[in-house]
Amino acid sequence: MKITYPRMGDWTAPLGGMLEQMGLTVVRPPTPSDRTRNIGARLSPEFICYPLKLNLGNYVEAYELGADTVLMAGGVGPCRFGYYATIQKDILADAGYPMEFIVLEPPKGHALSLLSQLRKLVQNVSLCDFLRAVEVAWLKLQAMEDIHILANQVRAVEAVTGQTSAVYKQQIALLDSATTVESVKGLWSRAREALYNIKKVRRERVPVVRLIGEIYMISEPFANLDVEERLGRMGVCVENTLSLVDYIRQNLIADVLRMHRDRSLQEEARPYLAHFVGGEGVESVGNTVRAAKQRCDGVVHVMPFTCMPEIVAQSVIPTVSEEYGIPVLTLILDEHSAEAGIQTRLEAFVDLIQNKREAVRNRV
Ligand code: SF4
């Protein structure tokens with residue numbers, strides 16, 4: 001069995017490393033490219049959501065590299081995600097890329113069953129090695145998230161354009177190659193140091209923009225046309241609301257330890273959207289309210305074309321924006337989106353939030 005999995009930016013690298021440490025033969029999904037997008041768009045129904053198209057393109061590329069099995073999460077709820085595995089498997093088989101799918105279903109209150117599903121995959125590994133691989137992957141994920149946050153802060157004030165991204169990529173690759181807890185800890189602190197050492201310019205106050213939206217779109221730079229990097233180069237500090245660490249803490253660890261889940265985002269969204277609509281719809285609304293309360297300068301909402309949960313969120317967010325006075329830019333993306341259009345809209349948005357700040361300062 002040669003296994004691959006859906007790529008979501010850098011965040012799925014610890015999963016690949018963990019499976020390798022457990023002794024599985026892993027074909028890492030290639031970084032998405034124009035070719036990935038073209039394959040996915042050619043094989044997919046036209047109005048299916050963009051993440052499915054990019055995933056499909058990635059699976060074909062992994063198949064060409066020898067993969068025969070896809071490991072992915074299952075889903076429940078009103079959006080299409082629960083059907084992804086079945087649809088993708090059929091499309092791939094019809095197109096001449098037969099692949100097996102192993103779907104890890106959401107734990108729904110039984111997180112240990114998820115670990116036992118994973119354990120079944122790697123029966124030849126001792127329990128001790130299995131748990132060690134999980135521990136290394138968990139620490140790696142925390143390290144990667146931490147330096148991602150730091151990189152976004154540094155990029156907004158870097159003296160030499162592009163230096164932060166270069167250092168960040170280098171440090172992520174080093175972390176990815178670590179195989180012990182000690183090496184992850186060492187590389188983590190060296191990565192922080194490397195980012196701190198980047199030469200910076202002095203700014204009176206750096207505008208802060210919160211990135212919200214559908215999970216795949218805010219995690220995969222190719223899908224969102226490098227929105228974080230573009231804003232960073234315009235001198236904006238981006239706070240990405242994606243946190244797989246938090247997601248795992250809330251949905252797996254709290255579940256195993258029978259702790260209460262944090263429902264504060266749902267509470268923030270409640271006056272505007274009180275029901276689960278699938279995907280990250282409620283979270284997008286809650287995150288907009290929270291960004292306004294925490295005095296962020298603006299919100300960038302990224303969603304795939306035809307994404308049902310985000311369409312619902314998009315219809316509610318203007319009310320939040322008006323009531324709290326926070327500017328929101330919604331970017332609806334698919335394979336037809338062009339870089340120049342996104343760049344222009346982001347530049348106009350940054351001008352808007354800077355002018356707004358200036359106006360407030362002049363009033364005081
Ligand atoms: S959340 Fe949106 S993009 Fe993701 S699977 Fe559901 S409909 Fe598709």
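Report on the accompanying structure.

About the thresholds
Residues numbered from 1 in each chain as written. Predicted model: local features only at pLDDT ≥ 70, side-chain atom pairs only at ≥ 80, totals over all residues. Helix = DSSP H or I, 4+ residues; strand = E, 2+ residues; numbered from the N terminus. Pairing = 2+ DSSP bridges. Axes fitted to C-alpha atoms, helices over the stretch in contact; angles between N-to-C directions. Near = placed C-beta within 6 Å. Nonpolar A, V, L, I, M, F, W, Y, C, P; charged D, E, K, R; others polar. Domains from an automatic or database assignment. Right-handed = clockwise from strand over helix to strand, strands pointing away.

## A word on unusual backbone geometry
With the exception of glycine, most residues fall at negative phi, and the peptide bonds are largely trans.
Logical step 1: One non-glycine residue, L225, lies in positive phi territory at about 55°.
Logical step 2: Inspection of the secondary structure assignment puts L225 in the loop between α9 (215-219) and α10 (227-233).
Logical step 3: Here the phi dihedral of D226 falls at roughly 55°; this positive angle occurs in a residue that is not glycine.

## A closer look at the sheet that holds strand β8 (residues 328-333)
Logical step 1: Strand order in the open sheet formed by 4 strands is β6-β5-β7-β8, and the pairing between neighbours is parallel. Since the sheet does not close on itself, it has two edges, and those belong to β6 (237-240) and β8, each with one partner. Sheet twist, expressed as the mean angle between neighbouring strand axes with direction ignored, is 25°.
Logical step 2: As paired strands, strand β5 (residues 208-213) and strand β7 (residues 298-304) are joined by 5 bridges and run parallel to one another.

## Structural notes on the site of the ligand
Logical step 1: Around the ligand there are 13 residues in total, and C49, C79, F81, G279 and C307 lie nearest to it.
Logical step 2: Ranked by the residues each element gives to the shell around the ligand, the list is headed by helix α14 (residues 308-324), at 3 residues.
Logical step 3: Classifying every residue of the shell around the ligand gives 8 nonpolar, 2 polar and 3 charged.
Logical step 4: Residues from two domains meet in the shell around the ligand; each of domain 1 (2-124) and domain 3 (206-364) gives at least three.

## So, the pairing of β8
Logical step 1: Sheet topology note: the β7/β8 ladder contains 6 bridges and is parallel. By the bridge assignment for β8, V300 is matched with L329.
Logical step 2: Note on the crossover from β7 through α14 to β8: the handedness is right-handed.

The values reported here are purely geometric and, on their own, carry no functional implication.
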